[in-house]
2 protein chains.
Amino acid sequence: MKPTALLITQGQLTGNSAKTAHGLIRSSGRFEIAGVIDGERYAGKNARALIGERTGYVPIYANLEQALENSDQKIDYAIVGVAPKGGRLPSEIKVVLRECLQQGISLISGLHEFIGDAPDLVSLARENGQTITDIRRPVERKDLHFWDGSIFRVRATVVAVLGPDTNMGKRTTANMLRETCNSHGIRAEMVFTGQTGWLQDGRYGFVLDTTPNDFVSGELAYWVCKCDEETHPDIIFLEGQSGLRNPSGPCGSELLLSAGAKHVVLLFSPARRYFGDNNPTWGELPAVESEIALIRLYGSEVIALALHTKGCSETEISDYRREYTERTGLPVLLPLQNGMEEILPVISSLIRTRRQELAGRQTT
Amino acid sequence: MKPTALLITQGQLTGNSAKTAHGLIRSSGRFEIAGVIDGERYAGKNARALIGERTGYVPIYANLEQALENSDQKIDYAIVGVAPKGGRLPSEIKVVLRECLQQGISLISGLHEFIGDAPDLVSLARENGQTITDIRRPVERKDLHFWDGSIFRVRATVVAVLGPDTNMGKRTTANMLRETCNSHGIRAEMVFTGQTGWLQDGRYGFVLDTTPNDFVSGELAYWVCKCDEETHPDIIFLEGQSGLRNPSGPCGSELLLSAGAKHVVLLFSPARRYFGDNNPTWGELPAVESEIALIRLYGSEVIALALHTKGCSETEISDYRREYTERTGLPVLLPLQNGMEEILPVISSLIRTRRQELAGRQTT
């Protein structure tokens, strides 16, 4: 049985900073999500419905007391479900974490500020025999890998899921691609690169942004190689971070070059105009044609677009979809509306080509 | 008076792994370089001449004993002058480091493997009252900076010195650009991004590759902003690392986007064909036109090429220069042969344009 966990969001559940919570509400292979503690506003509602999922039920509670009263299982963990800019622990969340420790619930956090460094939480945990896990605490140097060219031995097709900016649904899209492939007889795996991926499943992957820069390419290659060798998948989906031209911290070329992702599913948010989740001073987001051209200069090809449609009406969504299909000639997916089936012919064709390549390599 | 230092290279002095030594032999604002300990082969020769410098003298010694006999000053530091692939401390260098500690000389290293973690060196240092400094030891998280958009307030012209691969002379070129500008009345500064930069001068900069990935862009912006605010320079040269498409760890887009380098001096090594210092399995180096196009997609312009001419005859050098001038229409510099003067008109024009921009911003 999976351990049970409550997500702590304290009023942030519908904001962009609650990405971790959204991911775990959508899917979690590691934990049984028993509910979300978010305050009065949405108490009693279904968190899955609130974030646009059509099926399933995850209850929202006003506070810990309510959550414990209404849960028929023992709660093992409280997971900090928000990642505010700057990565500090919000004080209103710390209050709930203290209550959790007092109720015998262990803590997990993906924040930059390590909750395991807060003396009051540490001593409370010690008194009650609970654990505090900071997912972003860096891996020890001796356990990190340098890039050494092993990536060229990978047999699976590697597809990076990229987008020009943060908060566009890269992890969710990668997860959905994996699930859709697997339910259609294609052996698909995912290599995650963020803390939510670890929480959701996390057999293969690492937290890219806490990794010393010199080891990022080596860790990417290590996890893709390990996934390939151990599971012999047809295809590996690689979760992207940030965006190739995001000024606050560009990322993506490592996935294309160091992790060997020769193919890309590209998220696009047509209603968003500026980087930094629509911050005009950060500069305009690139046009889709320019992003495809940039990816091509890295030696990789975009095989499909996936539209991030937050803030769009149904008419806008269908207009955007038509426009982007015409502009790029690529399949344009609507993950949350239509799922991922439309990409399957493209993926099957990539896998066939890859098999032929590998067969050719053996006979020559 | 600057502290004195010996460089320890133990037979590696002419190899690519001795980049740190080469940099310090060329110029050092932080230390007085008293000599190089490299073994018998070049003992008695001039290290500056050996690496292609036309003036100045830095003696090469066979061993520590010879160095101490021939130095008229007390030696303060021994600096590990090599950075082998993988970053481990070579055993033949460790032997010399032990001897140094026994002679009352403190140690400095830029290796990935921290020499301050070697119990025998630590206890020797403690016995003799010496210090051990590992430049790559990561900065504490509380002292790191997130990117916050402050970079848009920088007034100086920022020029990144990039190249498609490692070991092409990016740091040396940046240093020479700064010196040439300053000697012609242009107030120029440099922001370094590697450990040798710290050793050479290092008022502004940090060691990029030991920095957790999420803080790289913030640290770049922090140091460029700090340099701009404290010294009010006309121009800042920003040392590049690796190469934009180097599969072993791409780097460069952070400098263009997060550090605001709208201009680039691009190193090129026409005699080199493959990444990884000519490793065919790593793939072919891009054509210069493709690298310029890639930089343009990041919103920046290449203002000059600088040729890395190791392994080329004089005829080849002049042929390559003509070819690259014709292919790109850009000034093509030969840093080690002709110096940097030819770029001065371009730089003066950039600075003039920048002044007009800033004046326009104030009046509107």
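Observations concerning the confidence of the model for chain A
Predicted coordinates in areas of low pLDDT are best not read in detail.
Working step 1: Averaged over all residues, the pLDDT of chain A equals 94, while 99% of them reach at least 70.
Working step 2: Both confidence scores are given for the complex: pTM 0.89, ipTM 0.88.

Re the interface of chain B and chain A
Working step 1: Counting from both sides, the interface comprises 37 residues of chain B and, opposite them, 37 residues of chain A.
Working step 2: With both chains or domains summed, chain B and chain A bury close to 3100 Å², and 58% of this area falls on carbon and sulfur atoms.
Working step 3: When the area that chain B buries against chain A is broken down by residue, the three leading residues are B:Arg141, B:Asn213 and B:Leu297, summing to 20%.
Working step 4: Put simply, chain B and chain A have 2 salt bridges between them.
Working step 5: Between A:Asp214 and B:Arg136 there is a salt bridge, with its nearest N and O atoms 3.8 Å apart.
Working step 6: One can count 17 residue pairs in polar contact (both at pLDDT 80 or more) joining chain B with chain A.
Working step 7: Looking at the side of chain B that touches chain A element by element, the count peaks at 5 residues for helix α8 (residues 213–231) of chain B.
Working step 8: For the side of chain B that touches chain A, the per-class residue count stands at 18 nonpolar, 13 polar and 6 charged.

Quick word on the sheet that holds strand β5 (residues 106–109) of chain B
Residue and element names in this part refer to chain B.
Working step 1: With parallel pairing, 6 strands are arranged side by side in an open sheet as β3-β2-β1-β4-β5-β6. The open sheet is flanked by β3 (60–61) and β6 (132–134), the only strands paired with a single partner.
Working step 2: Bridging between strand β2 (residues 32–37) and β3 involves 2 bridges; their strand directions are parallel. Bridge pairing in β3 links Val36 to Ile60.

Re the sheet that holds strand β5 (residues 106–109) of chain A
Residue and element names in this part refer to chain A.
Working step 1: Reading across from one edge, β3-β2-β1-β4-β5-β6 is the order of the 6 strands in this open sheet, with parallel pairing throughout. At either end of the open sheet lies a strand with only one pairing partner, and these are β3 (60–61) and β6 (132–134).
Working step 2: Inspection of the sheet shows strand β1 (residues 4–8) paired to strand β4 (residues 77–80) by 4 bridges, in the parallel sense. From the neighbouring strand, Leu7 faces β4, where its bridge partner is Ile79.
Working step 3: Sheet strands touched by helix α4 (residues 91–102): β1, β2 (32–37), β4 and β5. Its angle to β1, the strand with the most contacts, is close to 155°.

Quick look at unusual backbone geometry
Working note: non-glycine residues mostly have negative phi, and peptide bonds are mostly trans.
Residues and elements named next belong to chain A.
Working step 1: One non-glycine residue, Gln10, lies in positive phi territory at about 40°.
Working step 2: Structurally, Gln10 is set in the loop between β1 and α1 (19–26).
Working step 3: Classification of Gln10 as partly exposed rests on a relative accessible area of 21%.
Working step 4: Of note, the phi angle at Asp277 is positive, near 55°, even though the residue is not glycine.
Working step 5: With respect to the helices and strands, Asp277 occurs in helix α10 (residues 275–278).

Focus on the relation of the copies chain B and chain A
Each of the two chain copies goes to the other by way of a rotation about an axis and a shift along it.
Working step 1: Note on the identical chains: chain B maps onto chain A by a rotation of 180° and an axial translation of 0.0 Å, with an RMSD of 0.0 Å. What the rotation and shift describe, once combined, is the action of a two-fold rotation axis. Of the C-alpha atoms belonging to chain B, the one lying closest to the rotation axis is found on B:Pro212, 2.0 Å away.
Working step 2: Of all interface residues in chain B, 100% are interface residues in chain A too; the two copies therefore contact each other through one and the same surface.

A short note on the packing of aromatic side chains
Working step 1: Taken as a whole and assessed by the stated rule, the structure comprises 12 aromatic pairs over all chains.
Working step 2: Relative to A:Phe152, the ring of A:Trp147 has its centre 5.8 Å away and its plane inclined at 85°; by these criteria the two rings are edge-to-face.
Working step 3: For A:Trp147, a relative accessible area of 7% puts it in the buried group.
Working step 4: With a relative accessible area of 38%, A:Phe152 lands in the partly exposed category.
Working step 5: Where A:Trp282 meets B:Trp147, the ring centres are 4.8 Å apart and the plane angle is 85°; that geometry is what we call edge-to-face. Taken as a pair, A:Trp282 in the loop between α10 and α11 (288–297) and B:Trp147 in the loop between β6 and β7 (157–162) lie in two separate chains rather than in one. Both residues of the pair, A:Trp282 and B:Trp147, count as buried.
Working step 6: Put simply, the rings of A:Trp147, A:Phe152 and B:Trp282 touch in pairs and so form one group of aromatic residues.
Working step 7: The ring centre of A:Tyr324 lies 5.0 Å from the NZ or CZ of A:Arg327, which sits over that ring.

Remarks on the side chain of B:Arg245
Working step 1: Its location among the elements puts B:Arg245 in the loop between β9 (235–239) and α9 (253–257).
Working step 2: Among the polar contacts made by the side chain of B:Arg245, one reaches the main-chain carbonyl oxygen of A:Leu297 at a distance of 2.8 Å.
Working step 3: Contacts of B:Arg245, omitting those with residues within four sequence positions, involve A:Leu257, A:Leu297, A:Tyr298, B:Phe275, B:Pro286, B:Ser290, B:Glu291 and B:Leu294.

Observations concerning the packing of α11(A) against helix α12 (residues 314–328) of chain A
All names here are of chain A.
Working step 1: In the contact formed by α11 and α12, the axes pass within 10 Å of each other and the chain directions differ by 45°. The angle between α11 and α12 places the two elements in the oblique class. Crossing handedness for the pair α11 and α12: right-handed. Note on element contacts: α12 touches α11 through Tyr324, Arg327 and Thr328, opposite Val288, Glu289 and Ile292.
Working step 2: Partitioning the contact of α11 with α12 into residue classes produces 3 nonpolar, 1 polar and 2 charged.

A word on the pairing of strand β10 (residues 263–268) of chain A
Residue and element names in this part refer to chain A.
Working step 1: Counting buried positions over the 6 residues of β10 gives 6, a clear majority of the element.
Working step 2: Both faces of β10 are covered, namely the face carrying His263, Val265 and Leu267 and the face carrying Val264, Leu266 and Phe268.
Working step 3: When strand β7 (residues 157–162) meets β10, the two strands line up parallel, connected through 4 bridges. By the bridge assignment for β10, Val161 is matched with Val265.

A closer look at helix α5 (residues 119–128) of chain A
All names here are of chain A.
Working step 1: For α5, every residue scored as buried is listed here: Leu121, Leu124 and Ala125. Axial view of α5: buried residues confined to an arc of 100°, hence all on one face. Those residues of α5 that are exposed and aimed more than 90 degrees away from the buried face are Pro119, Arg126 and Glu127.
Working step 2: Buried positions along α5 lie against α4 and β6.
Working step 3: Gly129 sits one or two residues past α5 and shows a positive phi near 70°.

Parameters at a glance
In this numbering scheme, every chain counts its residues from 1 along its sequence in written order. As they are written, the chains are lettered A onward and the ligands numbered 1 onward, keeping that order. Totals for whole chains, interfaces and linings use all residues, but because this is a predicted model, local features are given only for residues with pLDDT of at least 70 and pairs of side-chain atoms are given and counted only at 80 or more. Side-chain numbers come from the whole structure's heavy atoms, not from hydrogens or water. A residue's pLDDT is the predictor's confidence in that residue, given on a scale from 0 to 100. A contact between two residues is defined here by any heavy atoms of the two lying within 4.5 Å. In short, buried area is how much 1.4 Å probe accessible area vanishes from two parts on joining, totalled over both. One speaks of a salt bridge when a side-chain nitrogen belonging to Lys or Arg is within 4 Å of a carboxyl oxygen belonging to Asp or Glu. Contacts described as polar in this section are N or O atom pairs within 3.5 Å, which, within protein, must combine one atom able to donate a hydrogen with one able to accept it, while residues neighboring in sequence count only if both atoms come from side chains. For the purposes of this entry, the term helix denotes a DSSP run of H or I that reaches at least four residues, the term strand denotes a run of E that reaches at least two, and both are numbered from the N terminus. Ten residue types, Ala, Val, Leu, Ile, Met, Phe, Trp, Tyr, Cys and Pro, are classed as nonpolar, four, Asp, Glu, Lys and Arg, as charged, and the remainder, Gly among them, as polar. Any two strands with at least two DSSP bridges between them are considered paired. Think of each axis as a best-fit line through the C-alpha atoms, taken over the contacting stretch in the case of a helix, with angles from 0 to 180 degrees between the N-to-C directions. Partly exposed describes any residue whose relative accessible area lies between the buried limit of under 20% and the exposed limit of over 50%, with all areas from a 1.4 Å probe on protein chains only and scaled to the type maximum. All copies are superposed by least squares; the fitting set is the C-alpha atoms of residues with a pLDDT of at least 70 in both. Planes of paired rings set the category: under 30 degrees apart is stacked, over 60 is edge-to-face and the rest tilted, where pairs are Phe, Tyr or Trp rings (Trp by its six-membered ring) whose centres lie within 6.5 Å. Only when the NZ of Lys or the CZ of Arg is both within 6 Å of the ring centre and within 35 degrees of the ring normal is a charge said to sit over the ring. Orientation labels follow simple angle bins: below 35 degrees gives roughly parallel, above 145 gives roughly antiparallel, 65 to 115 gives roughly perpendicular, and whatever is left gives oblique. Here a crossing is called left-handed whenever its near helix is offset anticlockwise from the far helix by less than a right angle, and right-handed whenever the offset is clockwise. Here the arc refers to the set of directions running from the helix axis out to each C-beta atom.

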